[in-house]
Amino acid sequence: MKVKVCFFALSRQVAGTAEAAFDTANGATVFQLWERVQEAYPGLRGYPLIAAVNGEQRNGATLLRQGDEVAFLPPFSGGR
């Protein structure tokens, strides 16, 4: 199945692109996709990221579905 991966901030600079399509096995998780992304873009190895699937923050055990959009975001903090 195909999923779209979006890169932001430093991950975009390292990957050299804003988005990429990946083929994954049925039942693949966010963590498994992240492993594939790091293989494709070795500069991202060890880079701490937060994942969002279809606009909602998710953990690595989240199962992916055909057509999902996965964004890998850098850690962020904020507040007042």
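Structure: see above.
Residues numbered from 1 in each chain as written. Predicted model: local features only at pLDDT ≥ 70, side-chain atom pairs only at ≥ 80, totals over all residues. Heavy atoms only, no water.

Peer 1: Honestly, helix H2 (residues 30–40) in this entry has me stumped. Any pointers?
Peer 2: The periodicity of an α-helix, 3.6 residues per turn, causes residues three or four places apart in sequence to face the same way. Buried residues of H2: Val-30, Leu-33, Trp-34, Val-37 and Gln-38, and no others. Down the axis of H2, the smallest arc covering the buried residues is 140 degrees, so these residues share one side. Here the buried face of H2 lies against strand S1 (2–7), strand S2 (19–23), strand S3 (50–53) and strand S5 (69–73). (Buried < 20%, exposed > 50% of the residue type's maximum accessible area, 1.4 Å probe, protein only. Helix = DSSP H or I, 4+ residues; strand = E, 2+ residues; numbered from the N terminus. Arc of directions from axis to C-beta. Contact = heavy atoms within 4.5 Å.)

Peer 1: Where do I start with the packing of aromatic side chains in this structure?
Peer 2: Centre-to-centre distance and the angle between the planes together describe a pair of aromatic rings. Counted by the stated rule, this structure contains two aromatic pairs. Relative to Tyr-41, the ring of Phe-7 has its centre 5.4 Å away and its plane inclined at 75 degrees; by these criteria the two rings are edge-to-face. A residue pair is termed long-range when its members are at least 10 positions apart, and Phe-7 in strand S1 and Tyr-41 in the loop between H2 and S3 qualify at 34 residues. A single burial state applies to Phe-7 and to Tyr-41, both of which are buried. Here the aromatic rings of Trp-34 and Phe-72 are separated by 4.8 Å at their centres, their planes lie at 45 degrees, and the arrangement is tilted. Of this pair, Trp-34 sits in helix H2 while Phe-72 sits in strand S5, and the two are 38 residues apart along the sequence. (Phe/Tyr/Trp six-rings, centres within 6.5 Å; stacked < 30°, edge-to-face > 60°.)

Peer 1: How should the nonpolar core be read in this particular structure?
Peer 2: A general tendency of soluble globular proteins is for nonpolar side chains to be buried together. Phe-7, Phe-22, Leu-33, Val-37, Tyr-41, Leu-64 and Phe-72 are the most contacted members of the largest nonpolar core, which totals 19 residues. When contributions to this core are tallied by element, the ones reaching two or more residues are S1, S2, H2, S3 and S5. If sequence neighbours within four positions are ignored, Val-37 has contacts with Val-5, Phe-7, Phe-22, Leu-44 and Phe-72. (Core = buried A, V, L, I, M, F, W, Y, C linked by side-chain atoms within 4.5 Å.)

Peer 1: Help me out: how do you make sense of the environment of Gln-13 in this one?
Peer 2: Within the secondary structure, Gln-13 is located in helix H1 (residues 9–15). For Gln-13, a relative accessible area of 63% gives the class exposed. On a C-alpha basis, the gap between Gln-13 and Ala-28 in space is 26 Å, while along the polypeptide they are 15 residues apart.

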